[in-house]
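Remarks on the overall topology
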Amino acid sequence: MSTSSCRIAVLALSLLIASLVATANASAGQYTVRYCADGAAADRWTAYATAPGSAAVECSALGRVRVTMAGTQYWGEGSTGVLSFTAPDGTMVAGWQPNLRYHATKFGEDSDRFRVTIGPVPYRYSVTTCINTQCPAVFNGPVAVDPPAQTVEARVTCVDERADFGSCRFESELLDYGGTLTLQDDHPPTARTVDGAITNATTPKTALRGTSPVHVAADDVGSGVWKTEVRDGATVLAQAVNGCVPQPTASTVPCRTSQETTLDLDSTKLTDGAHQLAVVGVDASGNETTLWSGSVVVVNSAIGPGSPLDLRGDPTGSDATDNVRVTASWPATAYRPPKRCRRATYRKHHRKACRARAASQTYRGSFAPGRSLVLTGRVSNTGTRDAITGAPVQVRGDVLRGGAAPWTVAATTDPTGRWRVKVPRDMGARQISVRYFSRQNDTRESARTSALLLIRAKATLRAVPKRARAGGAVRFVGQLADRSPDIPVVLEAYSRGRYRTFATTTTRTGGRFSVRYRLGRGFRGSYRFRARVQPTRTTPYPYVGAPSNPVTVRVRR
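Residues numbered from 1 in each chain as written. Predicted model: local features only at pLDDT ≥ 70, side-chain atom pairs only at ≥ 80, totals over all residues. Heavy atoms only, no water.

**A few points about the overall build of the protein**
Under the convention used in this document: For helices the rule is a DSSP run of H or I covering at least 4 residues; for strands it is a run of E covering at least 2, with both sets numbered from the N terminus onward. Here the radius of gyration uses the C-alpha set of atoms, whereas the globule reference equals 2.2 Å times the residue count to the power 0.38. Remark: exposure states derive from per-residue accessible area (1.4 Å probe, protein chains only) relative to the maximum for the residue type, with buried under 20%, exposed over 50%, and partly exposed in between. We call two residues in contact whenever any of their non-hydrogen atoms come within 4.5 Å of each other.
A count of helical and extended segments in the protein gives four helices and 39 strands. Whereas a compact globule of 557 residues would reach a radius of gyration of roughly 24 Å, the protein reaches 47 Å, over 25% beyond that. For the protein, the spread of C-alpha atoms along the three principal axes comes to 150 × 70 × 30 Å. Relative to its 557 residues, the protein shows a buried fraction of 46%. Intrachain contacts of the protein at a sequence separation of at least 6 include 72% that bridge at least 24 residues.

**So, the state of the cysteines**
Using the following cut-off: The criterion for a disulfide is a pair of cysteine sulfur atoms lying within 2.5 Å.
Using the criterion set out here, one finds five disulfides in the structure. Each sulfur in the disulfide pair Cys-36 and Cys-59 lies 2.0 Å from the other. The S-S bond linking Cys-36 to Cys-59 shows a torsion near -115 degrees; that makes this disulfide left-handed. Residue Cys-36 is found in the loop between β1 (30–35) and β2 (45–49), and its partner Cys-59 is found in helix α2 (residues 59–62); the two are separated by 23 residues along the sequence. With a relative accessible area of 2%, Cys-36 lands in the buried category. The partner cysteine of Cys-158 in its disulfide is Cys-168, sulfur to sulfur 2.0 Å. The sign of the S-S torsion, about 95 degrees, decides the handedness of the disulfide formed by Cys-158 and Cys-168: right-handed.

**Details of the sheet that holds strand β18 (residues 211–219)**
Sheet strands pair via backbone hydrogen bonds, and the direction of the pair is either parallel or antiparallel. Let me state the cut-off plainly: Two strands qualify as a pair provided that DSSP identifies no fewer than 2 bridges between them. A fitted line through C-alpha atoms serves as each axis, taken over the contacting stretch for helices, and the angle formed by two N-to-C directions is quoted from 0 to 180°.
Read across the sheet, three strands follow the order β17-β18-β21 without closing on themselves; strand pairing throughout is antiparallel. One side of each edge strand has no neighbouring strand; the edge strands of this open sheet are β17 (190–196) and β21 (258–266). Between one strand axis and the next, the sheet turns through 20 degrees on average, direction left out of account. Here nine bridges tie β18 to β21, and the two strands are oriented antiparallel to one another. Pairing of Asp-219 across the sheet is with Ser-258, part of β21.

**A word on the pairing of strand β4 (residues 64–69)**
Successive residues of a regular strand alternate their side chains across the two faces of the sheet. Among the six residues of β4, six are classified as buried, and the element is accordingly described as predominantly covered. Taken together, the five bridges between strand β3 (residues 54–58) and β4 define a ladder with antiparallel strand orientation. Counted as the bridge partner of Glu-58 is Arg-64 from β4.

**Some words on the nonpolar core**
Our working definition: We call a set of buried residues a nonpolar core when its members are Ala, Val, Leu, Ile, Met, Phe, Trp, Tyr or Cys and they connect through side-chain atoms within 4.5 Å of each other.
Of all hydrophobic cores here, the largest spans 38 residues; its most connected members are Trp-96, Phe-114 and Leu-181. The residues contacting Leu-181, other than those within four sequence positions of it, are Tyr-31, Thr-32, Val-33, Tyr-35, Trp-45, Phe-85, Val-93, Gly-95, Trp-96 and Val-152. Core analysis: the next-biggest nonpolar cluster, separate from the first, contains 33 residues, Tyr-363, Leu-375, Val-393 and Tyr-543 among them.

**Examining unusual backbone geometry**
Glycine aside, residues mostly have negative phi angles, and peptide bonds mostly take the trans form. Note that the residue after Gln-247, namely Pro-248, is joined by a cis bond; omega there is -5 degrees. Along the chain, Pro-248 turns up in the loop between β20 (235–241) and β21. In this chain, Val-464 is followed by Pro-465 through a cis amide linkage whose omega measures 0 degrees. Considering the arrangement of structural elements, one finds Pro-465 in the loop between β32 (459–464) and β33 (467–469). If you check the backbone angles, Asp-486 has positive phi at about 60 degrees while not being a glycine. Considering the arrangement of structural elements, one finds Asp-486 in the loop between β34 (473–480) and β35 (488–495).

**Here we look at the environment of Asp-398**
Mapped onto the fold, Asp-398 is located in strand β27 (residues 392–399). Taking C-alpha positions, Asp-398 is 27 Å from Ala-207, a pair spaced 191 residues apart along the chain. Excluding residues within four positions of it along the chain, Asp-398 makes contact with Pro-406, Ala-429, Arg-430 and Gln-431.

**Notes on the packing of aromatic side chains**
Counted only if it meets this: Within 6.5 Å between ring centres, the rings of Phe, Tyr and Trp (the latter by its six-membered ring) count as paired, and their orientation is classed by plane angle as stacked under 30 degrees, edge-to-face over 60, tilted in between. By definition here, charges over rings are those cases where NZ of Lys or CZ of Arg is within 6 Å of the ring centre and within 35 degrees of the ring normal.
Under the defined criterion, the tally for this structure stands at 15 aromatic pairs. Taking the centre distance of 5.8 Å and the plane angle of 80 degrees together, the rings of Phe-502 and Phe-529 count as edge-to-face. Placement of the pair is Phe-502 in strand β36 (residues 498–506) and Phe-529 in strand β38 (residues 525–533), with a sequence separation of 27 residues. Under the relative-accessibility criterion, Phe-529 is labelled buried at 2%. Look at Tyr-541 and Tyr-543: their rings are 5.3 Å apart centre to centre, the planes differ by 65 degrees, and that puts the pair in the edge-to-face class. We note that Tyr-541, like Tyr-543, is buried. A connected cluster of aromatic rings, assembled from ring pairs, spans Tyr-35, Trp-45, Phe-85 and Trp-96. Here Arg-528 stacks its cationic end above the ring of Tyr-494, 4.3 Å away from the centre of that ring. Here the basic side chain of Arg-530 rests over the ring of Tyr-499, its NZ or CZ set 3.9 Å away from the ring centre.

**Considerations on the pairing of strand β37 (residues 512–518)**
The two faces of β37 differ: Phe-513, Val-515 and Tyr-517 on one face are buried, but Arg-512, Ser-514, Arg-516 and Arg-518 on the other face are not. As defined by bridge partners, β34 adjoins β37 across seven bridges and the pair is classed as antiparallel. Counterpart to Phe-476 in the pairing with β37 is Val-515.

**A few points about the pattern of salt bridges**
Applied cut-off: Every case where a carboxyl oxygen of Asp or Glu lies within 4 Å of a side-chain nitrogen of Lys or Arg is listed as a salt bridge.
Summed over the entire model, instances satisfying the criterion amount to 17 salt bridges. Arg-64 is paired through a salt bridge with Glu-58; the nearest N and O atoms lie 2.7 Å apart. Residue classification places Arg-64 among the buried residues on the basis of a relative accessible area of 18%. A salt bridge links Asp-322 to Arg-312, with the nearest nitrogen and oxygen atoms 2.9 Å apart. Here Asp-322 is found in the loop between α3 (309–312) and β24 (324–326), whereas its partner Arg-312 is found in helix α3, with 10 residues between them in sequence. Several salt bridges share partner residues, and in doing so they unite Lys-227, Glu-229, Arg-231 and Glu-288 into one network.

**Some words on a positive patch on the surface**
Rules: Residues enter patches when they are more than 30% accessible in relative terms and free of salt bridges; like-charged ones are connected within 9 Å and nonpolar ones (Val, Leu, Ile, Met, Phe, Trp, Tyr) within 5 Å. The Shrake-Rupley method, run with a 1.4 Å probe, gives the accessible areas here. Residue values count only the displayed protein chains as cover. For this count, His and the chain ends are skipped, Lys and Arg are scored as positive, and Asp and Glu as negative. To locate a charge, take NZ of a lysine, CZ of an arginine, CG of an aspartate or CD of a glutamate.
Side chains of Arg-475, Arg-483, Arg-508, Arg-512, Arg-516, Arg-518 and Arg-521 sit close together on the surface and give a patch of like positive charge. Ranked by residue count, the leading element in the positive patch is β37, at three residues. For Arg-512, the position within the fold is in strand β37. In this structure Arg-512 comes out as partly exposed when scored by relative accessible area, which is 41%.

The structure is reproduced here in structure tokens:
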């Protein structure tokens, strides 16, 4: 073997070993692309030959890329056949391992040389080159591409390297049966937009709770966006893959160059408190970059007594403390004895009437639109009994039956620690809860109490006619004061010491109802009737059932 051929063989072996090591330890910024072999495509490959030579990319049919300089004619100096690959925008070729086959036939001694050149373009010291039949028939070792290049090629060219000849009289064929390319991508993804609750969760008031969506739009020049992630340090909290497998791949751009997605961040995986989170974009070559980062506050447990003070915020009210007592009552239910009870002789004979009663936590009354009640109470220190002034109190009323929305109102204690709110008398029967929060960000109260509001339904009833003959008919017509439809109503008649039901009905539009009743032939005298609003447990009616006004019907023979 000639010295030149030995140099080529040694160089090919050393480059093969270097390429295999590099492939086994693929670093971030590089990815491997298969071409032509095993059904892989030949994306971005071209084949060219000087006429009448021929060239073709035949991966799908024959699994090869081919260039042929055929025939016995003379090829002019500079005639060439080329197999070439050009990397996509944003990437460079950092390694190439082809599977080349080459053969050449010389038809005469009066010939210049066919030179084969394999390597990056423009040519550098790493280019492999040989001439005529001295070139190896098989070249499947790696081609060194250092530094990375935009284009690599295998070229056969007629070169004027002999003074006594001016053309080449050769037949030559160069084929690549597929191999791998190592592409280098030095461009990490960039953020177009990152938004969602994560970008505002900087205080306990706006803290992350439960699962929060994070909207991400990212772009990448080169291998494409592989995935985006939300991380807490090295821990991945949420991930969205861009529908691709980065490598090994048959595509020179394995992933789409943009990704718009929503990541569901489950903040329950984090402890309550401050965390440094980051939204990270990773491209198909392994490049990753921080698309957004910031300190966020996570609160999934109720904040209140026992929670860290940095989450709870500043105290509320003067001398605010967790050791607090809250009271609530209806002043209208209090009973104060009349002035005559000041006399001892009167008190002696009217002890019950002269006994004072404090305000109750339960109020019973009837539907009265446009009117309100007063609920009042006090916030004080349980140890010293001192008033807590300027303290916020939250009052909420939930209906005992039905689907009406909760009623809420806020109050603040005065210098004596007392608070008061007006409660509408037309909002139905409700369980009232009163809560005091000792710090601004608390969601769990330091103290609470309750009160009960029982508002009875109000109905009117009349009889038509009020005077009737025995055996005749009477129509009872009524209406609910709150005008609710579809509410059960029973009609009752007073007989033998108590009211007895004789008919049932349901209110119509406007809360109206009507029942026709035929009097027995034995009826004579005056009879009392009434209607009773009687909602069932499943009736979506917020008021307590109650009787209407009684009506009297006089019956004569």
